[in-house]
Amino acid sequence: MIAIGLFALAKGGQPERIGAGTMLAAWFLSILSQTYLGYDAIQWPVFLIDLVVLAVFVALVWKSPRSWPLWAAAFQLLAVASHVMVLLKLRPEISAFYTVLNMSAYGIMIAIAVGAFFAWQERRAVGIDDER
């Protein structure tokens, strides 16, 4: 998470930096809330964090000409849907719930990494120096 986040912040364009910053902040806030609230109860703070992250990715889909935000929003929607399943008491296995949350985060970070790589390569191809 940290390595891809730093790569996107360093080499990506503005959408990649927004996505990486959002994911890093959400990751830190989720860990913080789970540390203080535990893992057993309904995790309202994590659900709210995931809703905000989904809103950020939907806004990036709307405003960005790149394709990776669509993938990131789709993966984040999986995480939000998992929370909704728990809230509706559909009783998924807790290990399945956490697996979906973790795998969707991996998918989002891979999408951000691919987007940052291509943004970096596009800037290099047109001769824009990486120094900001």
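Residues numbered from 1 in each chain as written. Predicted model: local features only at pLDDT ≥ 70, side-chain atom pairs only at ≥ 80, totals over all residues. Heavy atoms only, no water.

**Observations regarding helix H2 (residues 14-37)**
Basically, it comes down to this: Secondary structure elements follow DSSP: runs of H or I no shorter than four residues count as helices, runs of E no shorter than two count as strands, and numbering proceeds from the N terminus. Given a helix with a known number of residues, its expected span is that number minus one, times 1.5 Å. The cut-offs for exposure are 20% and 50% of the maximum accessible area for each residue type, with area from a 1.4 Å probe on protein chains only; residues under the lower value are buried, those over the upper are exposed, and the others partly exposed. Between two residues, a contact is recorded if the distance between any of their heavy atoms is within 4.5 Å.
Over its 24 residues, H2 extends 34 Å from the first C-alpha to the last, a length consistent with the 34 Å expected when each residue adds 1.5 Å. Of the positions making up H2, those classed as buried are Pro15, Glu16, Gly19, Ala20, Thr22, Met23, Leu24, Ala26, Ser30, Ser33 and Gln34. Contacts from the buried residues of H2 go to helix H1 (2-11), helix H3 (44-63), helix H4 (68-87) and helix H5 (94-125). Within two residues after H2, Gly38 carries a phi angle of roughly 90°, on the positive side.

**Focus on unusual backbone geometry**
With a phi angle near 55°, Lys89 is a residue other than glycine that sits in the positive phi range. Mapped onto the elements, Lys89 comes out in the loop between H4 and H5. Judged by its relative accessible area of 59%, Lys89 is exposed.

**A few points about the packing of aromatic side chains**
Keep this limit in mind: Aromatic pairing here means that ring centres of Phe, Tyr or Trp (its six-membered ring) are within 6.5 Å. Orientation follows from the plane angle: under 30 degrees is stacked, over 60 is edge-to-face, and everything else is tilted. Two thresholds decide whether a charge sits over a ring: the Lys NZ or Arg CZ must be within 6 Å of the ring centre and within 35 degrees of the ring normal.
Across all of its chains, the model carries six aromatic pairs by this definition. A centroid spacing of 6.1 Å and a plane angle of 70° characterise the contact between Trp44 and Phe47, whose relative ring orientation is edge-to-face. Note that Trp44 and Phe47 are positioned in helix H3 at a spacing of three residues, about one turn of the helix. The class of Trp44 is partly exposed, set by a relative accessible area of 47%. The exposure class of Phe47 is buried, given its relative accessible area of 10%. Relative to Tyr98, the ring of Phe97 lies with its centre 5.1 Å away and its plane at 65°, an arrangement referred to as edge-to-face. Three or more aromatic residues joined by ring pairs form one cluster here, namely Phe7, Phe117, Phe118 and Trp120. A cation over an aromatic ring shows up here: Arg124 above the ring of Trp120, its NZ or CZ 5.5 Å from the ring centre.

Distances and angles like these do not, on their own, reveal function.
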